[in-house]
Structures are given as C-alpha cells and as structure tokens.
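So the chains spell out like this:
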Amino acid sequence: MNPPLLTNSAPSTTRPLLSSPFLTPSSSSRRRRLKLSRPRASLDQPPAASPPHNSDVFGGPKELTGIQPLVKNLSPPVRLAASAIAVGGAVAAGYHLGFRLAGSRNAALGGAALLGAAGGAAAYAVRACAPEVAAADLHNYVASRDDPQAVNKEAIELIASKYGVSKQDAAFNAELCDLYLRFVSSVLPPGNEELEGTEVDKIVKFKSALGIDDPEAAAMHMEIGRRIFRQRLETGDREADVEQRRAFQKLIYVSTLVFGEASTFLLPWKRVFKVSDAQVEVAVRDNAQRLYSSQLKAVGRDLNENQLEGLRALQLLYRLSDELAEDLLKEHTRKLVEENVSAALNVLKSRTRSARGVAQAVEELDKILAFNDLLVSLKNHPNTDGMARGIAPASLLGGEYDNDRKMDDLKLLYRAFVADSLSSGRLEESKLDALSQLRNIFGLGKREAEAITTDVTAKVYRKRLQKSFTGGELEAADSKAVFLQNLCEELRFDPQKASEIHEEIYRQKLQQCVAGGELSEEDVKALLRLRVMLCIPQQTVEATHSSICGSLFEKVVKDAIASGVDGYDAEVKKSVRKAAHGLRLTREAAMSIASTAVRKIFINYIKRARAAQNRTESARELKKMIAFNTLVVTELVADIKGESPDTASEEAAKEVEIEIEEEWESLQTLRKIRPSKELTAKLGKQGQTEINLKSDLPERDRTDLYKTYLLFCLTGEVTNIPFGAQITTKKDDSEYVLLNQLGGILGLTPKEIVEVHRGLAEQAFRQQAEVILADGQLTKARVEQLNEVQKQVGLPPEYAQKVIKSITTTKMAAAIETALSQGRLNIKQIRELKEASVDLDSMISQSLRENLFKKTVDEIFSSGTGEFDEEEVYKRIPADLSIDANKAREVVQELARSRLSNSLIQAVALLRQRNRLGVVSSLNDMLACDKAVPAEELSWEVPEELADLFAIYMKSEPAPEKLSRLQHLLGISDSAAVAIREMGDRVIQIGAEEEFAF
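Criteria and cut-off values
Residues numbered from 1 in each chain as written. Predicted model: local features only at pLDDT ≥ 70, side-chain atom pairs only at ≥ 80, totals over all residues. Heavy atoms only, no water. Helix = DSSP H or I, 4+ residues; strand = E, 2+ residues; numbered from the N terminus. Buried < 20%, exposed > 50% of the residue type's maximum accessible area, 1.4 Å probe, protein only. Areas by Shrake-Rupley, 256 points an atom, 1.4 Å probe, with all protein chains shown as cover. Axes fitted to C-alpha atoms, helices over the stretch in contact; angles between N-to-C directions. Parallel < 35°, antiparallel > 145°, perpendicular 65-115°, else oblique. Left-handed = near helix turned anticlockwise from the far one by under 90°. Contact = heavy atoms within 4.5 Å. Nonpolar A, V, L, I, M, F, W, Y, C, P; charged D, E, K, R; others polar. Salt bridge = Lys/Arg side-chain N within 4 Å of Asp/Glu carboxyl O. Expected span 1.5 Å × (residues − 1). Disulfide = S-S within 2.5 Å. Core = buried A, V, L, I, M, F, W, Y, C linked by side-chain atoms within 4.5 Å. Phe/Tyr/Trp six-rings, centres within 6.5 Å; stacked < 30°, edge-to-face > 60°. Lys NZ or Arg CZ within 6 Å of the ring centre and 35° of its normal. Arc of directions from axis to C-beta. Polar contact = N/O pair within 3.5 Å; in protein donor to acceptor, adjacent residues only side chain to side chain.

Comments concerning the overall build of the chain
Part 1 of the reasoning: What the chain contains, in helices and strands, is 48 helices and two strands.
Part 2 of the reasoning: Looking at the chain as a whole, 43% of its 998 residues qualify as buried.
Part 3 of the reasoning: Counting every atom, the chain has about 52800 Å² of accessible surface; 52% of that belongs to carbon and sulfur.

In structure tokens:
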C-alpha cells in the first residue's frame, strides 16, 4: 500500500515510495515488455499555450531504408510474385552457372541450390520487412494528421491490408501501442493543471480509431504510471514530487473512466503499485469533484432546467456520487449568494457611501431573494430526478458567513432590508414573506430576527406616532385606541410593544415635569392629556409615578431619617411635607416608600441588639429603636399624612388600649404595659405602629425580642462592680410602657403579646411548682401553697392546673416506668390505673408495653393450669396495653411454639426427678401452648418416658378433653392408654426402678 501516491498533502521527507517500488521483479518477468520511445519533453515539460502539433506528440516522420522503399511500392500479390520469380531465377541461374563452370550435373544442382537459397533469403527479407514498413507507414499517417482526432480507423485498416499484416504482428502492434501511449501522455495534463473533462472522450475515440485492444491499451496506462514513478524517483524537489503524485491520481481517474467496469481487472494498481482500493476511490472522487466544480463555474444565477439536466449527465459521466454532487452544487449556490452579500456589505460599509447606498444594498438582497425563488421553483419541478442533485433553497450555513464575527454583518443587512420594507410607513405581505426567506438564508434565529424587526419597527412607530401627535391626527380621532390599533396593524407591530413605547414616552414626560422637585397643575394637565392620547392604563400610570416620583421621595425620606433624633427639625419637616404632597404620590405609595427605608433602620437596631453580650446591652439597643420610632418615625408618618404628631400618637395609644382591655386582667406584667394618664403625661407622646417589622422577621424572632425586653423590665438593670459582684437597679413602670411600644414596632398582635406574658408567667409558676411537687404527691397543704404562687405570678387558674397536672403526670410516668422495668407491675394493676383515668399511653412507651404483653403471655404459658383464653389474650390484653392485635397474635404464636417443646423437655426432666406435681404442671403448660398453636404429634427418643408422663397425668384426674389431647401429642395409642390405665402406679414404679438401677 502506498498512501503518499494518491494524497494531495505534502510528501514526507522519508519518501515511503522508495521503499515500496511500483513494479516487482515477478510482475516484470511475466509481462511482455515493449520497447517504446517517447520524447521526454512530453512528460517533463509543461504544455504550450496552444495545443501541441502532432509532430511534437508522435515525433517526426520515419524514413525508409534499404529495401523498405521497394517493399512500400509493392503490393502483397506483386511482392509474392516477385519473390517467386526471384527464387526461380536464382535457381536457374545457379544451375546454369554450376554446369558451365564444373561441367557436371551435380555441380549444376549445387549451384542451383546455392543461388536458390540466396534468392529465398532475399524473398524472406522482403516479406519480413513488410510489418516494419507498415508500422512506419502507420506512424507517418498518424503524425501527418493535424488533429489526432482526425485519425480514421478505416485508413489504419487499409494500411494493414496494404502490407498484408495484422494487429498481432509485433512491430505493427508495438507501433500502435507507442502511438496510443504518446497520445494518452499528451492528453493528460501535468500535475499542477486540472483536467478539462474532454480527456476521456479523446482517449476513447483515439483508441477506437487505432483499433487497439483493451488489454494492450491498459498496459500502456500502466506504463505511463511506471514512468511517472521513475520521474518521481529522479525528482528531489518537494513541489515536483507533489505534482507527480497528482499526475498519478489523474492517470488513475482517466484510466478508470476509459475502461469502465473492466478497469478493476485491466488496471492492477494494487498489485503493481501497491495502491489500495481506498486510494483509488480517493483519486476518482477528488478528480471527479474538481471536474464537476469546474463545470459548475459556468452556472450562474440564471439557472434553468437544461443546465441542471446537463449537470446530471456530467455527474454520471464523471462517476461522482449524489452526496458529493449535492454538496458541490449547494456550495456553488452559496458562493453566488455570498457574492451578493459581500457586494451589499461593501456598499453599506463604504466610507463614501452615497444617498443610494442602502438602496443598492437592498438591490443585492433582492437578487438573492430572486435567486432563492428560482431554486425553490426548480426544487419543486416534476422532473427533479433527471436534474442535478443539490437543488435547495439558498443558505449561508457552512460558508464564509457562518461564524459569530460575520453574523453581525448579516444582522446589519437584515436591518437594512427591514428598514427599506418599512420605508413606505407600512409592512406589506410580500415584504413579510421576503423577510422570512432572508432570515432563513442568513441563518438567523427567530428571536434574533424578531429583535431586529421589533427594533426597526419601533423606531418607525415612534416617528409615525410623533407625526400623528404633532399633526393633530391622533387628537382628532374619535377613538384613540382604534387609531393606535390600526397603526400597529399597518406596521405589523406587537400592541404590547407599542404599549411599552407609550409607557416610556409617559415616563420621559414625567421625568421632565418633576425635574424641579414637584408637579404643578400645568404638568398634571399635560400628563393627563398624554395619558388619554396614548391610552395608558391607570395602573401603569401609578406604577410610573411610584417609580419616578417615588425615587425622589425616597431620597427625601432617607435624608430625613439620616438627620437622626436631634436633626429632625422644621426644615426637614417642611421638605418631607413638600415632597409628599408636591409629587402627587398617593398616601399608600408614600407610606410604602417610607416604610421600606424605616424598616431598614429598625433591622439595624435589631442586629445590634442580637449581637449584644448580655440582656442589659440588648435592652439598651431596643430602647434606642423605640426612641427613634417615637421622635423620628412618628414625626415622619405625621408629615406624610399631613396630620399633627400629637393626634397620631393619641390614636395609636387609644388603639392599643382598646385591644388590651379585652385580654386577661390577671397578668400583672400585662396590666403594666397600659400606661396611666399620669405616666403618659410624664413620658410624652406615643410612637406610631403603622410601620413595623411584622413582614420582615418571623414570629419566633419577634416574640424572643419582646421577651428579652420583658425580662429586662422584670429583673431591672444589672451593673457589674469589682470583685465579681453585681448591683441590680430596679426600674419603674415606665419600662413597661416602652415594652408596649416595642410590641407595636415588632408588629405583634395582642394575642401574641398575651401569649408571651402568659408563657413567662407559666414558666415562673412551673419552676416553683416543681420544687413543691418534688415527690409527685399532691396534698391539701401543697394545693394551698400552689394557689398562693399562682396568685403571685398572675397565671389564670386553668393554666395553673395544666402545669400541676403535667408535673404530677410526669412524676407518675417515671414511677410507672420504673415499676414496669423492675417487674413490679402486672396487667391487673394496669387495668386498675386505666380505670382511674390514668393516660398510660403517654406514660409508658410502646416498647415497654410490648414487653409487658410478652411477660403476661409467658406467665399464662407457665402457670401450670393448662388454660388459654383466646378472648383474653388476643383482644382484652392488647386493648388494655394499646398495642396492635395482629402483632400481639404473632407474638403469642411465636412464644407458644417455643414453649411447647420446652415444656415436654421440662416434664421429662421432672419425671426423672420423681416430681409428679411438676410433671403435671409442665404437661398443662404444653397443653396451653397447644391451644394457642395446635401442634402435631411430638417425638422423643425414649417412648417409655412418654408412657410414664401419660400415666402420671392420667393419675391427676384431668378433664377428658385434656387427657385426650395429651394422648395425641405424646403419640400413645388407645390400646396403650387402656393398658396404662389398668396398670396404674405399677408402670411408674417399674419404670423408675429400671431407670435408677442404671
């Protein structure tokens, strides 16, 4: 195999062809070699600009020497007669000369024989040179033609018949092969030139005219391959080496087409040149592609059916696959489109672009669309099978413009085409189809194309809207909405996008109006007129005002908050009132903006309170927040609402008081958060509660903060002094008023506040009650003591009773679990506790109740009575212990199976110990297990012991059904049972004596 021979890549420096010669010695010895001469210039020198003359291809005319001119002038009959006359004359002359000189008959015969042989030799020489003369005449005939295609097959046959030779004569056949080889070598272009497509036809016609056989012609093709290989060996230049490789590829391709299907066995490339079938296919494919591509160059934008049919015929002639032909034609059409695209881009990007620049670019795009329509019509032609493959709508995918850098250029062209389509102020249906086709040709995504179209259409819509607004057309319209809808339909513009443009226009107008910090009456009227003209919804207007005016108001609010507790003076109040009312914000919008800014400050206070090291520091931060709310936020809310701060604080205090009055009066801490008139006058105004942290913090966090300050109110302020001592400073009831305000800031509902106070009181009561009820015993004295504690903490009686019950229940549960784990509690006592309304399910865990059930069942199976009550075991006991009945049944059956065999073993052991009562008790246990799980006949190694067991049990006078069931379990037959009954104690005594004798 020799890959470098058939690839177009640069040859490697190792020259692998040198290690794999084209012609092996074995093939050289088998093939008949012909001595052919050819000018080296025909292979080494490039062709001239004009076609070479025949003298350059076949060489000059051949001269006749010796007797060849004489043979040329003699026809075959004359040549035969002359040869006969010459031989006869020589024999006669020899006979006469020999007789004359020697005078004897023998001498005469010898002379006749001698001269006759000489005459025969001369005649043979004349006849033998006839093929050479015919070959020379053939050469001169072909060389004398101005065009090798003018060589006539009949003339060549006439030359052969003239000299009486055939094509099998070596000299004549060699000349035919040499002429064919020279012609093929002249037709094949050098390695750096491409095939023209006429080479195969010329070679086939010339071969037919010469009448040379395919095997001989194929041998000449192989000979040309050998010469190319020899030249490659002689060449030291890399470029020349590549040219010889390409020349060999063209030789393979042309030879394959010349011989057709017979080329597979007439042209042994693989055997002679070590070339694989794949390399041959590559050579055929590459040259076929080049030839087909060269033919496609003549195809322009005026493509028609005849051209496509011709291309199909050429494809089949060139042996090019449908897939490759399709790719080549698509590539060609893409290049034609790329030419128009490049021309359009050059016009658009030209620095000296004229006023018609965009129009010229659009003309190029129109050419693309027209060409695409032609391709679509040809693709839908009924005779597509007879046309060239690859007819499809134009596309730039896979070409020069199929990359991200070029995509911007295509978007620029698409934008220009959209602008031109909308130049008339409306978008026609035909233009819409053209835009869709152009998008597909450019390979633009749907979203990208829609974005460009929307952008351009939006600009046109703005221009038309401005024109109709200034010209009065929009104002004069009966229905503004219908006018705007028609405008969108003409431009095929999305009404939603139009609404966004209207909103943007309104936004810009509003920004101009509020540049001075407030809206005048004229501004309000102008905005109202604009809103009506553009049909802007009220919701959109409010959102726009909230966004633009809200941002200005937010800045004023932040400045007011930043001024702090001491800086909120009359000037700040004036700016807040001016912004709140001059910007025409609704009260809800203004309060929302203020709430956002204030809550951020509240959150900062909360963060510092949480990060404090102790409760006192945390309470100080919370007091700062309360002061900030009272002195700044309350004033801010009053200014936004246009109310007096005193009025707002009175309403807030009244609201809190009304809500608290409906709650519990027994909680002292809850009563203290309602300030008296004297304390209210002392502390001043109440803080606002409209802005709170209810939506910013979860309920758990808010209640924890409230509880922290409540504990601070209860314990007072703790101050550390040297030597590790602490001083607690009690606070008056004013701290509880601040606690009330803190609840409002945190957004706690009255119910949540009450729950915090109740929880704290319950916690205090529980701590003291656990000390009083340490042993779980509730006496009359202890009840009185607990009632006194309940009154001190102010906990309602029902909650105090719940705490007491919880403590006693917990103590009782611990005692019950301890007794149960120590085995001091049985099912009877459990039932007594349940009758006393003790909730055992919450006191005893599931596992302990299951263990108690197992223990109870085990006691039944070991009681020695032989009784088993299914109703009691399967239903009553599981119900009393609150366990699953099905699971209880499984436990009983598992215990019965294990106890059955153990009871038999225990009975035998007691028999051997002569313990009759124990034997009877064990057999009763076995019968109880059998009632729970009926068993099969039991087996034992010593049958006599089973008989003794039966005899002892029978002696105890059991119930007949028990004795019958035991007889079945021990496997004792009726006759054996009768014998045992008759023998009585004797059986037992004999068995015992035998056993202990051992």
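Regarding the packing of helix α30 (residues 615-641) against helix α34 (residues 699-715)
Part 1 of the reasoning: Their axes nearest at 10 Å, the elements α30 and α34 cross at an angle of 110°. As judged from the angle between their axes, α30 and α34 are roughly perpendicular. Here the hand of the crossing between α30 and α34 comes out left-handed. For the pair formed by α30 and α34, the contact residues are Arg615, Thr616, Ser618, Ala619, Leu622 and Lys623 on the first element and Leu705, Thr708, Tyr709, Leu711, Phe712 and Thr715 on the second.
Part 2 of the reasoning: Of the residues contributing to the contact of α30 with α34, the split by class is six nonpolar, four polar and two charged.

Considerations on the pattern of salt bridges
Part 1 of the reasoning: Throughout the structure, instances matching the rule amount to 43 salt bridges.
Part 2 of the reasoning: Here Arg246 and Glu194 are joined by a salt bridge, their closest N and O atoms 2.5 Å apart. Of this pair, Arg246 sits in helix α12 (residues 238-259) while Glu194 is found in the loop between α9 (170-187) and α10 (199-210), placing the two residues 52 residues apart along the sequence.
Part 3 of the reasoning: Using a relative accessible area of 39% as the deciding quantity, one classes Glu194 as partly exposed.
Part 4 of the reasoning: Ionic pairing is found between Asp322 and Arg389, a salt bridge with its closest N-O pair at 4.0 Å. Of this pair, Asp322 sits in helix α17 (residues 322-349) while Arg389 sits in the loop between α18 (357-379) and α19 (404-421), and the two are 67 residues apart along the sequence.

What to know about helix α36 (residues 750-772)
Part 1 of the reasoning: Counted at 1.5 Å a residue, the expected span for α36 with its 23 residues is 33 Å, and the 33 Å between its end C-alpha atoms agrees.
Part 2 of the reasoning: The complete set of buried residues in α36 reads Glu752, Ile753, Val754, Val756, His757, Arg758, Leu760, Ala761, Glu762, Phe765, Ala769 and Ile772.

Here we look at the state of the cysteines
Each disulfide is one covalent bond, formed between the sulfur atoms of two cysteines.
Part 1 of the reasoning: For the coordinates displayed, the defined rule picks out zero disulfides.
Part 2 of the reasoning: There is no disulfide at Cys513, and the cysteine sulfur nearest it, in Cys549, is 9.3 Å away.

Some thoughts on the nonpolar core
Part 1 of the reasoning: By size, the foremost hydrophobic cluster in this structure holds 181 residues, and its most contacted members are Tyr180, Trp269, Val341, Phe442, Tyr461 and Phe553.
Part 2 of the reasoning: Among the elements that line this core, the one with the most residues is helix α29 (residues 587-611), at eleven residues.
Part 3 of the reasoning: Each residue touching Tyr180, except ones within four places of it in the same chain, is listed here: Ile203, Phe206, Lys207, Leu210, Ile212, Ala217, Met220, His221, Val258 and Phe259.

Remarks on the packing of aromatic side chains
Part 1 of the reasoning: Inspection of the entire model under this criterion finds eight aromatic pairs.
Part 2 of the reasoning: Here Phe183 and Phe206 contribute two aromatic rings whose centre-to-centre distance is 4.1 Å and whose plane-to-plane angle is 20°, an arrangement assigned as stacked. Of the two residues, Phe183 is situated in helix α9 and Phe206 in helix α10; the sequence distance between them amounts to 23 residues.
Part 3 of the reasoning: According to the relative accessible area criterion, Phe183 is buried, its value standing at 3%.
Part 4 of the reasoning: Given the relative accessible area of 1%, Phe206 is considered buried.
Part 5 of the reasoning: Considering the side-chain rings of Phe248 and Trp269, the 5.7 Å spacing of their centres and the 80° angle between planes classify their relative orientation as edge-to-face. Here Phe248 is found in helix α12, whereas its partner Trp269 is found in helix α14 (residues 269-273), with 21 residues between them in sequence. Side by side, Phe248 and Trp269 carry an identical accessibility label, which is buried.
Part 6 of the reasoning: Here the guanidinium or amino end of Arg608 rests over the ring plane of Tyr605, the centre of that ring lying 4.7 Å away.
Part 7 of the reasoning: Taking NZ or CZ as reference, Arg889 lies 4.0 Å from the ring centre of Tyr874, over its face.

Digging into the environment of Glu717
Part 1 of the reasoning: Within the fold, Glu717 resides in strand β1 (residues 717-721).
Part 2 of the reasoning: What makes Glu717 buried here is its relative accessible area of 18%.
Part 3 of the reasoning: Separated by 101 residues in sequence, Glu717 and Thr616 have C-alpha atoms that sit 6.1 Å apart.

A short note on helix α16 (residues 305-317)
Part 1 of the reasoning: The end-to-end C-alpha distance of α16 is 18 Å, a good match for the 18 Å that 13 residues give at a rise of 1.5 Å each.
Part 2 of the reasoning: For α16, the full list of buried residues reads Leu308, Leu311, Arg312 and Gln315. Along the axis of α16, the buried residues cluster in a sector spanning 105°; they form a single face.
Part 3 of the reasoning: On its buried side, α16 packs onto α15 (277-296), α17 and α18.
Part 4 of the reasoning: Between the side-chain oxygen at the start of α16 and the backbone nitrogen of Asn306 there is a gap of 3.2 Å, and the oxygen is on Asn304.
Part 5 of the reasoning: Phi for Arg319, located one or two positions after α16, is positive at around 60°.

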